[in-house]
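Examination of the molecular architecture
Residue strings, one per chain:
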Amino acid sequence: MGFAGYFLIVADFINWAKAEGIPVGPGRGSAAGSLVAYALRITDLDPLPYNLLFERFLNPGRRSMPDIDVDFCYERRDEVIRYVREKYGEDRVAGIITFGTLKGKAAIKDVGRVLEFPYGETDRIAKLYPAPVQGKDHPLERALELEPRLGELRERERERPLFDYALRLEGLLRHASKHAAGIVISNRPLSADLPLFVDKDHTVLTQYPYGDVEWIGLIKFDFLGLKTLTLLANIVKLIADTRGETVDLASLPLTDKKTYQLLSKGDTVGVFQMESGGMRKMVTQLRPSRFEDLIAALALFRPGPLDSGMDQDFIKRKHGKEKVTYEHPLLEGILKETHGTLVYQEQVMQIARVLAGYSMADADNLRRAMGKKKPQEMDKERDRFRAGAVKQGIKADLATTIFEQMEKFAAYGFNKSHSAAYALISFQTAYLKAHYLEEFMAGLLSLEMGEIDKTYKNIAECRAHGIPILPPDINESGEKFTVTDKGIRFGLGAVRGVGSKAIEIILAARRESGPFSDLADFANRVRGQQINRRVLECLTKC
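First things first, this report covers the structure right here in the doc.

Analysis parameters
- Residues numbered from 1 in each chain as written.
- Predicted model: local features only at pLDDT ≥ 70, side-chain atom pairs only at ≥ 80, totals over all residues.
- Heavy atoms only, no water.
- Helix = DSSP H or I, 4+ residues; strand = E, 2+ residues; numbered from the N terminus.
- Contact = heavy atoms within 4.5 Å.
- Areas by Shrake-Rupley, 256 points an atom, 1.4 Å probe, with all protein chains shown as cover.
- Lys, Arg positive; Asp, Glu negative; His and termini not counted.
- Charge placed at Lys NZ, Arg CZ, Asp CG, Glu CD.
- Buried < 20%, exposed > 50% of the residue type's maximum accessible area, 1.4 Å probe, protein only.
- Polar contact = N/O pair within 3.5 Å; in protein donor to acceptor, adjacent residues only side chain to side chain.
- Pairing = 2+ DSSP bridges.
- Axes fitted to C-alpha atoms, helices over the stretch in contact; angles between N-to-C directions.

1. Looking at the overall build of the protein chain
Counting its secondary structure elements, the protein chain contains 27 helices and nine strands. Here the contacts in the protein chain between residues at least 6 apart in sequence split such that 67% fall between residues at least 24 apart. Looking at the protein chain as shown, the accessible area adds up to about 27,200 Å², and 50% of this sits on carbon and sulfur atoms. Counting 78 positive and 74 negative side-chain charges, the protein chain places the averaged centre of each group 2 Å from the other.

2. Topic: the side chain of Q347
Position of Q347 relative to the elements: it lies in helix α18 (residues 345-356). Residue classification places Q347 among the buried residues on the basis of a relative accessible area of 1%. Only 3.3 Å separates the side chain of Q347 from the backbone oxygen of I334, close enough to count as a polar contact. Those residues within four positions of Q347 in sequence are excluded, and the remaining contacts are I334, L335, E337, T338, T341 and L342.

3. Thoughts on the pairing of strand β5 (residues 204-209)
Consecutive side chains of a regular strand alternate in pointing toward one face of the sheet and then the other. In the sheet, strand β2 (residues 93-101) pairs with β5 via three bridges, with the strands oriented parallel. Residue pairing across strands places I96 opposite T206, the latter belonging to β5. The antiparallel pairing of strand β4 (residues 196-198) with β5 creates a hairpin that spans five residues between the two strands, and H202 there sits at a positive phi of about 65°.

4. Topic: the sheet that holds strand β7 (residues 469-470)
The mixed open sheet is built from three strands, whose spatial order is β7-β9-β8. Every other strand in the sheet has two partners, leaving β7 and β8 (482-484) as the edge strands with one partner each. Pairing between β8 and strand β9 (residues 487-489): three bridges, direction antiparallel. The residue of β9 that forms the bridge with T484 is G487. Its contacts with the sheet place helix α23 (residues 437-447) against β7, β8 and β9, and it is angled at close to 25° to β9.

Here it is as structure tokens:
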């Protein structure tokens, strides 16, 4: 299909990042199902033992580009983008523009400002706006139905223009910004194919948004920043510094009992994608005992499966509280690993192939059609599935029943490749917490020290585990939290009002002439604009 160049470009910048010590994720999305991606070190999880399907990633029947999204350490992601710019040319690499649209609530505030309503008044009106559902804002028309007080205001003569204008402006483009992850790379100057734009940070962006860039034939790559990768790298460095041990995250034993015991207890503060109250509850009920259980847990903990009770069916069957049955013996080989529950999109594809003789490419098309729920397409596929199953000796009625079950669960089915790759990050964080608790907590405290609520949560977690938190010390603290033989020493970077430049100057003075004897010694040796009265007061108070 002519995609070799694409794979080689992705492999190039990933392997460059790895060589530079920049943490890279083990894979995300359906790319983890590609053996070629694994062989090129684009992904770190062998797809064969976990039955990840290549056709879920790249269907020969679909002519669009494969999509390999990559997670990088969020602190060093920009270094990879800089490398790509230098390698392929500044004029051939650009970020991608996005346009913010005017939502109903913002439209009320903006129109109120133009109509010279007092700020307090428009703010009160905006606060009546109903809360978003699953992160999605209500359109203004719907908000007027849901909140009678807004409806009453609209009927008043003074406020009516406010709502009339807001309704007309809602949905229009409000401002331009940079796509969080998208980068476009071309084999010739980008100005030959599309208009460009320079934002306030002097970054070159395309003037076409994400979908249009692809539509005109340019190739986009997603460079995502993932904080957990930064956390893992920091913990591994802490372990080397404090214990002199080298931990290779790529070769951890995925059968480690201590890790599964920690997860089964719900001791998951800081564990990737397993921190929320709901996930902790589910994982304690599930009591994972193997890596496949983690893959399933990440796929099941989503609104659809939780609302339908799929997670409880899975848990009961795993622990033998509910009998596992199969509509047909051929289903056992496909659904055995998930205790007879249809959890993954890949299982839909396998059922179509094994029971109805579909090719893998056609099975992927069926999976997509089921997700989109187009009635005409589904009627056609139902007839085809039934005919294929009858050829294999399966009764037509049974084939229809199986198809209807697939159709029902396809709406909830999750991409197993993505779940498997992310389960690997969950396992790595849980393993480090199980075996190197002090270093894990010091790394977590350092990563989240800019957020007060999270710092409180992490200090409470240390106390729950009996790890002493030692106060900040001008002679012992580094910028980040550090592990000592007495406990975790508070980092100066978590002291409010003390910036990183000031900390650099303090640490340099300490390295040069040893510990400080008193305040006067500190004031004489630490000089610079950054060490002002406010910094001294903040250090004194803590």
